[in-house]
Amino acid sequence: MVNPLRVFMLSSLIAITTSCAPSNEHEKHQQFDTVIINGTVFSGNPDDNGQTLDIGIKDERIVFIGDLGNTSYKTEKTIDASGHIVSPGFIDPHTHALGDLQNTDTSINVNYLTQGVTTVFVGNDGGGPVDTEAVMADVKAKSPGTNVAFFIGHGKVRSHVVGDDARAPSTDELKRMRELVHASMEAGAVGLSSGLFYDPGSFSETAEVIALAEEIAPYGGVYDTHLRDESAYNIGLIASVEEAIEIGRQSGAKVHLAHIKALGTVVWGQSADIIKIVEAAHSEGLKVTADQYPWRASGTRISNALVPIWAKDGGNDAMIARLADPTLADRLKQDMEEALKIRGGPDALLVVDSPLEDIKGKTLREIAEERKLTFVDAAKEIIIAGNARVASFNMNDDDIRAFMAQPWVMTSSDGTNGHPRKYASFPRKYTQYIKDNQNHAPVMDLGRFIHQSSGLTAETFSLCDRGYIREGYIADITIFDPDRYADKADFYNATLLSEGVTDLLVNGVQMIEAGRLTGNRSGQVLKRDNCNFKKP
């Protein structure tokens, strides 16, 4: 008797099902490159509870899902996933991995592979390269370990055309900016990113961003934004969310809220208001999503955290000159003290990376006391001497959980040097918010966690044939031990690799085998054209 789980029709490309009976032709002489047997397979659908199924892979694609137990087949490699979870490879829509990917020594992206991530996005927060096509070629030449998708960055485009001054672009400059965004979409970028909290993006008016977002809308592109304010620095968190949605409404582009959060006690609890705003946009027919990293501490440069935007007009050199200008000391003191209050005070800012080795692992309070300086003067000294990356402990777990529970919020890392999120975000979400333990109630079940880490992201950004375990789909697959999958990095040991991913395939090639890196590099640069968008 033929087991009804053995075969699924390739043309359907639907979720895993047990209702399809195999044909005799499909049964005979099956040849695979790799088979995965005995694992608990989660398809990537949000309501999936997992099934014990076998998977056959040929020429980078999944060609069989079912029961191979009574089937005649040949394979070059067998992975026994008994007792393990077999999942679509995780997709991280917000990383800062471009520098690593352009370095042959680090382009394997081991910190993401060991989290179970098979695809990363780069160019976030307005920092995407202006010459997207050339940078794509460079990354491809470095043989990446993960797949890579690109944003074109509003901040980089603005700086390239307008410079770092706090002014609006001229008509000709805006036309040139639009041309650069258009060219990047033609090259295969998935959308436009902005960092409206950071200079020079913060110098732009909403209308400027709408004009650039209009260039991505005909391609199905996504407007991905670091909000103008995640706290109470300028227009406020709620107004910033409303601005992002208005950009989508007027441009026609899909909107994605990067690393969604309520930063600082002054906005704790506003997650409920934001959720209502996004749901209202959905009711209007707008497409709005978000990503989130599962940490109470954000990460940024101390200059971004404390220096007011007016002091950054003209770029870094102009900012340094203002910090050293005694005639501006009183004004800077007032504004920086207010920013420090928003951030939670000097104990909430921990230096995690800096050219000044003696301040790493210390809070701003500890540094100021050692130097016998005020908190503001200590911060100014650090910035003038080369700046520093800080972990800023200023989020509330209730807001984190409220955002995480939304079906439109996906998992991300926002990985930056010195912060453990670069090495441990996906397993941390699993251990802290999904897996049963005595410390908390799970926010969601395993199936939804996997969906928010794979299928939801693939659908949002139109990654064709990825994000799900389905016949005909690319074999980006993560296999992990549910008892051992865990984060190891922390704020004092930020580069410890995560554990528990036993096997991982990228485009059908095994990158991790029995818990060890194989040395293969099978990542691809994923372009918008791969998803068969109709060009405008």
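Here is what the cut-offs are and how they apply
- Chains are numbered independently. Their residues run from 1 in the order of the written sequence.
- With pLDDT at 70 or above as the cut-off, local features in this predicted model cover only qualifying residues; side-chain atom pairs require 80 or more to be listed or tallied, and sums for whole chains, interfaces and linings still use all residues.
- Computation of side-chain values covers all heavy atoms of the structure but excludes hydrogens and water.
- Just to be clear on terms, a salt bridge is a Lys or Arg side-chain nitrogen sitting within 4 Å of an Asp or Glu carboxyl oxygen.
- Put simply, DSSP H or I for four residues or longer makes a helix, DSSP E for two residues or longer makes a strand, and each gets a number counted from the N terminus.
- Buried, partly exposed and exposed residues are distinguished by accessible area as a fraction of the type maximum, computed with a 1.4 Å probe on protein chains only: under 20%, between the cut-offs, and over 50%, respectively.
- Put simply, two rings from Phe, Tyr or Trp (the six-membered ring, in Trp's case) pair if the centres are within 6.5 Å, and we call them stacked under 30 degrees between planes, edge-to-face over 60, tilted for the rest.
- Criterion for a charge above a ring: Lys NZ or Arg CZ within 6 Å of the ring centre, and within 35 degrees of the ring normal.
- For helices, the axis comes from a line fit to the C-alpha atoms of the stretch in contact; other axes are also lines fit to C-alpha atoms, and the angle between any two N-to-C directions lies between 0 and 180 degrees.
- Each angle is binned into one of four classes, with values under 35 degrees roughly parallel, values over 145 roughly antiparallel, values of 65 to 115 roughly perpendicular, and all other values oblique.
- The crossing is said to be left-handed when, going from far helix to near helix, the turn is anticlockwise and less than a right angle, and right-handed when the turn is clockwise.
- When checking whether two residues touch, look at their non-hydrogen atoms; a contact exists if any pair is within 4.5 Å.
- Each residue is assigned to one of three groups, with Ala, Val, Leu, Ile, Met, Phe, Trp, Tyr, Cys and Pro labelled nonpolar, Asp, Glu, Lys and Arg labelled charged, and all others, Gly among them, labelled polar.
- In these notes, a set of buried Ala, Val, Leu, Ile, Met, Phe, Trp, Tyr and Cys residues joined through side-chain atoms within 4.5 Å is what counts as a nonpolar core.
- Viewed with both strands pointing away, a crossover whose connecting path from the first strand over the helix to the second turns clockwise is right-handed.
- Strand pairing is defined by DSSP finding a minimum of two bridges between the two strands.
- A cavity, in this analysis, means grid points on a 1 Å lattice covering only the protein atoms where a 1.4 Å probe fits yet has no way out; a pocket is instead an open set bounded by protein on both sides within 12 Å along at least five of seven lines, and a residue lines either one if it has an atom within 4 Å of a point.
- Grid points are joined across faces, edges and corners, and a volume is the space filled by probe spheres set on the points.

J.: Just to check I follow, could you spell out the pattern of salt bridges for this structure?
T.: Overall, the coordinates contain 27 salt bridges when judged by the stated rule. The partner of R178 in a salt bridge is E214, and the shortest N-O contact between them spans 3.1 Å. Remark: E214 occurs in helix 7 (residues 206-216) and R178 occurs in helix 6 (residues 171-187); sequence separation between them is 36 residues. According to the relative accessible area criterion, R178 is partly exposed, its value standing at 24%. In this structure E214 comes out as partly exposed when scored by relative accessible area, which is 32%. With its nearest N and O atoms 3.2 Å apart, the salt bridge here joins R421 to D414. With relative accessibility at 0%, the residue R421 sits in the buried group.

J.: Please explain the packing of aromatic side chains as it appears in this structure.
T.: Given two aromatic rings, their pairing is described by the distance between the two centres and the angle made by the two planes. Throughout the structure, instances matching the rule amount to 17 aromatic pairs. Centre to centre, the rings of F90 and F426 are 5.6 Å apart; their planes meet at 10 degrees, and the pair counts as stacked. Within this pair, whereas F90 is found in strand 6 (residues 90-92), its partner F426 is found in helix 16 (residues 421-434), the two being separated by 336 residues in sequence. This pair shows no difference in class: F90 is buried, exactly as F426 is. With centroids separated by 5.9 Å and ring planes inclined at 75 degrees, the aromatic side chains of Y430 and F480 adopt a geometry described as edge-to-face. With Y430 in helix 16 and F480 in strand 17 (residues 477-480), this pair connects stretches of sequence that are 50 residues apart. Across the pair, F480 and Y430 agree in class, each one buried. Pairwise contacts between aromatic rings join F90, F426, Y430, F449, F480 and Y485 into one cluster. Its guanidinium or amino end placed over the ring of Y293, R421 lies 4.8 Å from that ring's centre, counting from NZ or CZ. The positively charged end of R428 is found above the aromatic ring belonging to W295, 4.1 Å away from the centroid.

J.: Which parts of the structure should I look at to understand the packing of helix 9 (residues 271-283) against helix 15 (residues 397-404)?
T.: In helix packing, the relevant descriptors are the interaxial angle and the interaxial distance, both defined with respect to the helix axes. Orientation of helix 9 relative to helix 15, taken along the N-to-C sense of each, is 20 degrees, at an axis distance of 9 Å. As summarised for this structure, helix 9 and helix 15 are arranged roughly parallel, according to the angle between their axes. In this structure, helix 9 meets helix 15 at a crossing whose hand is right-handed. Of the residues in helix 15, those in contact with S271, I274 and I275 of helix 9 are D399, A402 and F403. A breakdown of the residues in the contact of helix 9 with helix 15 according to their chemical character gives four nonpolar, one polar and one charged.

J.: Please explain the nonpolar core as it appears in this structure.
T.: Generally speaking, soluble globular proteins have nonpolar side chains that are buried together. Within the largest apolar cluster, 47 residues are counted, with the highest numbers of intra-cluster contacts made by F90, V139, F150, L446, F449 and F480. It is helix 16 that provides the largest number of residues to this core, a total of six residues. Discounting chain neighbours no more than four positions away, the residues touching F150 are L98, V122, P129, T132, V135, M136, V139, A189, V190, G191 and V525. Counting residues in each nonpolar core, the second largest holds 27 residues, with L306, L332, A378 and I383 among its members.

J.: Mind showing me how you'd approach the pairing of strand 10 (residues 222-226) here?
T.: Sheet faces and side chains relate simply in a regular strand, where the side chains alternate between the two faces. Counting buried positions along strand 10 gives five out of five residues, so the element sits mostly inside the fold. Burial along strand 10 is two-sided: the face carrying V222, D224 and H226 and the face carrying Y223 and T225 are both buried. Regarding the hand of the β-α-β motif, the stretch spanning strand 9 (residues 191-195), helix 7 and strand 10 is right-handed. You can see the chain leave strand 10, run along helix 8 (residues 237-251) and come back into strand 11 (residues 254-257), and the turn it takes is right-handed.

J.: Can you walk me through the environment of H419 in this structure?
T.: In this fold, H419 is placed in the loop between strand 16 (409-411) and helix 16. Between the alpha carbons of H419 and N493 there is a distance of 8.9 Å; along the sequence they are 74 residues apart. The residues contacting H419, other than those within four sequence positions of it, are W295, A297, S298, G299, V352, A391, F491 and A494.

J.: Mind showing me how you'd approach the pairing of strand 19 (residues 509-513) here?
T.: Here strand 18 (residues 501-506) runs beside strand 19; their pairing, made up of three bridges, is antiparallel. Its bridge partner being in strand 19, V506 is matched across the sheet by V509. Where strand 18 folds back on strand 19, the antiparallel hairpin that results is connected by two residues, among which N507 adopts a positive phi of roughly 55 degrees. Note that strand 19 and strand 20 (residues 516-517) share two bridges and pair antiparallel. Bridge pairing links E513 to R516 in strand 20.

J.: I would appreciate a short explanation of the sheet that holds strand 15 (residues 389-393) in the present structure.
T.: Within a sheet, each strand pairs with its neighbour through backbone hydrogen bonds, oriented either parallel or antiparallel. Reading across the sheet, the three strands line up as 13-15-14 and stay open at both edges, with antiparallel pairing between neighbours. Across the chains shown, the open sheet's two edge strands, defined by having one partner strand only, are strand 13 (297-301) and strand 14 (349-353). Across the sheet, the mean angle separating the axes of adjacent strands is 30 degrees when strand polarity is ignored. Bridge count for strand 14 against strand 15 is four bridges, and the pairing is antiparallel. Pairing of L350 across the sheet is with A391, part of strand 15.

J.: Sorry, what's going on with the layout of surface pockets here?
T.: To find the voids left in a structure, one rolls a probe of water-molecule size over its atoms. Roughly 1,200 Å³ of internal volume is contained in the largest pocket. Taken together, 50 residues line the largest pocket, and the ones lying closest to its centre are H96, Y198, R301, N304 and R389. Secondary-structure elements contributing two or more residues to the lining of the largest pocket are helix 2 (98-101), helix 5 (154-161), strand 13, helix 10 (302-306), helix 11 (316-323) and helix 16. Of all the elements, strand 13 adds the most residues to the lining of the largest pocket, at four residues. In terms of residue class, the lining of the largest pocket is built from 10 nonpolar, 25 polar and 15 charged. Forming the boundary of the second largest pocket are 20 residues, of which F197, Y233, N234, P308 and I309 lie nearest the centre.

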